[in-house]
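Here are the chains, one letter per residue:
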Amino acid sequence: MVEVLGMAGLESLDASVTVVGPGWAVLAVALLAGLVVAAAMLDGVLSARATGGPGGVTRPFGEAARLMRQRRRTTVAADNLLWRIGGACLFVTAALMVAVVPLGEWTIFDLDVGVMWFNAMDVTVWALIWLTGWGANSAHSLVGGYRFLAHGLGYELPLMFALVAPAIAAESLNVGAVAGAQEGLWFALWMPVAFGVYLLGVAAFSVWGPFAPALSADIAGGVRAELSGVDRLVFEAGRYALLAAGAAFAVPMFLGGGAGPLLPGWAWVLVKTVVLLALLVWVRRRLPAFRPDTFMEVGWLVLLPAVLVQDLVVAVVAVGKG
Amino acid sequence: MRVITDIGFWGLGVVAVAAGAAVFYVDSMARATYALAVSFIAVGVQVLFLQQNYVGVVTILMMVMEMAIMAVYMVMFMGMNPALVPMSMVHSNKAALGVAAATFLFLAAGILLVDWPERTGSPPPDVTRALGEALMGPKMLVMAVISPVMVATIVAAVVLAAHRTRYDRFGDDLKRHTPDDAQPGGVGR
Amino acid sequence: MTLEATLLIAAAIFSVGLYGAISQQVVVMVMMGLELMINAVILAAAGVWWFLAPQPTGQVLIMVIIAAMTLEMAMGFAVATLLHREHGVDMTDMATDLTQ
């Protein structure tokens, strides 16, 4: 907050990160939008291949044009305010997540508790998805909202403790400092459990792949059952944006930030983000769905203890080093 | 810059109070719950203005999560839905209004009349690190006390809320290998 | 942004929460009133810390307040569930005892 408000107080914590003006947020949002389009194109190709056909690269553009011409569906006694907030704020939340991710040496928002900030934003998705399900005043979409919350109770705590591991090793909650602490050895390599659970969490808060039962066909599309036209386009873009933001945040947290040979830091951040995003998109059709009614036990009896042991190992190593 | 900060701070304060009032004014369970969430977010950002970044972000994180769960409880336990059947869901409304107004006037008078002391000491260079070091150092007893209290709360809450005992789950002689639950688990049963 | 401004906003939030806690009939709504009151306490404590005594250890008090709020919520939800299950009651006026 210090830089934004221009108040006397704290200096930037990590000298290796330069804070750029708020005007650059436009570029950050543009990059995020670019990642959304790229992910949607890749998904189009993969889904075309899954059905046996060639092409698919242009599928997201055709779909966007179709949705923009479609009439808005209205339902009886819908809570339009909450419904629209739920759908539209997914992209905003993703942009706020990206705000704390340093692009090489530049960052927009050098918050000293950036890791917590990301966590707060991903919890906001709980509210937004449920509100989208609630607002339509339709039984199927509300069931979808509850399915998401059921998943949320299972994945959120493991995700939180997975984010704790890099913060302990870097002895900082500042995202730039975490990226700077991985000289030579990426956190993804010696904290594989935390990295895996983090990626699972990214898929979960994007309602993606194994965590898609909230949107599945057996409840007529779930949360997005009544979404149509521009609303549906914005909702889908928001999901891709969350996926992209999760991939971008993994780069400073687990993949060494902008470190890499030859290319400059910002290019490495983008390359790593794109690779991770492609992996997340690809995995969509490769994993079975987690049933919302049984995932809670998986989260609390398998993932949570595994991540806690990981945190313990990281803490012991950190104490041993320090 | 000072003016912008002031306007932002007061604006957030108005949002926090107005959203708080909306909790008891709107006739939709979801809107009431999320109005409270908005009030908490506004206060969280105000705490960020007061330089306590960790406390502010934790407030936002916890409260948004809690309100997402709260909404489920609202739908579950609000037996009579005021949105479907408009009805008054309050008792002793006038007395409550009077008490609230009197409380505000009393507090406001105190706030404005008391001669507040000068600021003592200066903020630590890294507020978040200072909090962590306080919790892990001189104030560790606080965390050491909160932890068992939280565990006790979890146990007490489950005992109160769960109606099935271990005899229901594992049989009268407690010899059933896998528990007999209405809700299937995800790990091997 | 002064101490008085912060405390006045906190006092207003506290009063609104107090109104809700006294006037609401449904247990969950009463809990929302209590939450709002604790919300005000967080803001007031943060303001006093920053404007009066920014000692390194002062923020611990706010962590205690937040912890107290989580305990209140957990027990509140548990009691609300118990009341609803045993008596089919969701309002404070009907909940005169906690017997099973």
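For clarity, every value in this text was computed on a predicted model and none was experimentally measured.

Reading the values: rules and limits
Residues numbered from 1 in each chain as written. Chains lettered and ligands numbered in written order. Predicted model: local features only at pLDDT ≥ 70, side-chain atom pairs only at ≥ 80, totals over all residues. Helix = DSSP H or I, 4+ residues; strand = E, 2+ residues; numbered from the N terminus. Rg over C-alpha atoms; globule rule 2.2 N^0.38 Å. Buried ≥ 20, exposed ≤ 12 C-beta atoms within 10 Å, placed from the backbone. Contact = placed C-beta atoms within 7 Å. Nonpolar A, V, L, I, M, F, W, Y, C, P; charged D, E, K, R; others polar. Axes fitted to C-alpha atoms, helices over the stretch in contact; angles between N-to-C directions. Parallel < 35°, antiparallel > 145°, perpendicular 65-115°, else oblique. Domains from an automatic or database assignment. Core = buried A, V, L, I, M, F, W, Y, C linked by C-beta atoms within 7 Å. Expected span 1.5 Å × (residues − 1). UniProt positions renumbered as here; feature names shortened; annotations may be inferred. pLDDT = per-residue confidence, 0-100.

Draft legend 1. Layout of the overall build of chain B. Looking only at helices and strands, one finds seven helices and zero strands in chain B. Scanning chain B from its N terminus toward the C terminus, one meets helices and strands in the order α-α-α-α-α-α-α. Over its C-alpha trace chain B gives a radius of gyration of 23 Å, far above what one expects of a compact globule, namely 16 Å for 189 residues. Referenced to the eigenvectors of the C-alpha coordinate spread, the extents of chain B come out at roughly 70 × 55 × 30 Å. Split into buried and exposed, the 189 residues of chain B put 33% on the buried side. Long-range pairs, those at least 24 residues apart, make up 46% of the contacts in chain B between residues at least 6 apart in sequence.

Draft legend 2. Just the interface of chain C and chain B, in detail. Each partner contributes residues to the interface: chain C has 61 residues there, and chain B has 73 residues. Listed by contribution, the elements that provide at least two residues to the side of chain C that touches chain B are α1 (3-23), α2 (27-51) and α3 (60-87) of chain C. Sort the elements by how many residues they give to the side of chain C that touches chain B and α1 of chain C lands first, with 18 residues. Grouping the amino acids of the side of chain C that touches chain B by side-chain chemistry returns 43 nonpolar, 13 polar and five charged.

Draft legend 3. Region of interest: the packing of helix α5 (residues 114-135) of chain A against helix α6 (residues 139-170) of chain A. Residue and element names in this part refer to chain A. Axis separation between α5 and α6 bottoms out at 9 Å; the angle between their running directions is 175°. In this view, α5 runs roughly antiparallel relative to α6, as classed from their interaxial angle. Between α5 and α6, the residues in contact are V115, N119, V123, W126, I129, W130, T132, G133 and W134 and S141, L142, G144, G145, F148, L149, G152, E156, M160, L163 and A167, respectively. Split by residue class, the contact of α5 with α6 holds twelve nonpolar, seven polar and one charged.

Draft legend 4. Focus on the domain arrangement of chain B. If you check the domain split of chain B, you get domain 1 (1-80) and domain 2 (126-183). The C-alpha centroid of domain 2 of chain B is placed 27 Å from the C-alpha centroid of domain 1 of chain B.

Draft legend 5. Representation of the nonpolar core. Membership of the largest hydrophobic core comes to 196 residues, with the highest contact counts inside it found for Y198, A241 and A244 of chain A, V64 of chain B together with I13 of chain C. Residue assignment places this core across two domains, with domain 1 (1-80) and domain 2 (126-183) of chain B each supplying three or more. Once residues within four sequence positions are removed from consideration, Y198 of chain A is found in contact with L159, A162, L163, A250 and F254 of chain A.

Draft legend 6. Structural context of helix α11 (residues 265-283) of chain A. Residues and elements named next belong to chain A. End to end, α11 covers 27 Å across 19 residues, agreeing with the expected 27 Å (1.5 Å per residue, within 8%). Residues of α11 that are buried include every one of W268, V269, K272, T273, L276, L277, L280 and V281, and no others. Packed against the buried residues of α11 are α2 (25-50), α9 (192-205) and α10 (229-254).

Draft legend 7. Spotlight on unusual backbone geometry. Residues and elements named next belong to chain A. One non-glycine residue with positive phi stands out, namely N137, at about 55°. Its location among the elements puts N137 in the loop between α5 and α6. N137 gets classed as partly exposed once you count the C-beta atoms within 10 Å, which come to 15. Despite not being glycine, L262 has its phi angle at roughly 65°, a positive value. Residue placement: L262 occurs in the loop between α10 and α11. Judged by local crowding, L262 falls into the exposed class, with 6 C-beta atoms found within 10 Å.

Draft legend 8. Inspection of the interface of chain B and chain A at higher detail. With 31 residues of chain B in contact, the opposing surface of chain A contributes 33 residues. Residue assignment for the side of chain B that touches chain A shows that the elements contributing at least two residues are α2 (29-49) and α3 (53-77) of chain B. At twelve residues, α3 of chain B tops the list of elements feeding residues into the side of chain B that touches chain A. Considered class by class, the residues forming the side of chain B that touches chain A number 21 nonpolar, eight polar and two charged.

Draft legend 9. Summary view of the UniProt feature "transmembrane region" (unreviewed entry) in chain A. Residues and elements named next belong to chain A. Mapped onto the present numbering, the UniProt feature "transmembrane region" (unreviewed entry) falls on residues 20-42, 81-103, 115-136, 148-169, 189-208, 240-259, 265-283 and 295-319. Within the segment residues 189-208, helix and strand shares are 80% and 0% respectively, and the terminal C-alpha atoms sit 24 Å apart. Secondary structure across residues 295-319 comprises 100% helix and 0% strand; the distance between its end C-alpha atoms is 34 Å.

Draft legend 10. Representation of the confidence of the model for chain B in the model. Residues and elements named next belong to chain B. On average, residues of chain B score 85 in pLDDT, and 93% of them reach the 70 mark or higher. Mean pLDDT across the elements of chain B bottoms out in helix α7 (residues 166-170) (83) and peaks in α2 (91). Across the predicted assembly, pTM comes out at 0.89 and ipTM at 0.88.

Draft legend 11. Broad picture of the environment of L287 of chain A. All names here are of chain A. Its place among the elements puts L287 in the loop between α11 and α12 (292-321). For the pair L287 and T74, spaced 213 residues apart in sequence, the C-alpha separation works out to 34 Å. Among residues more than four places away in sequence, those in contact with L287 are G209 and P210.

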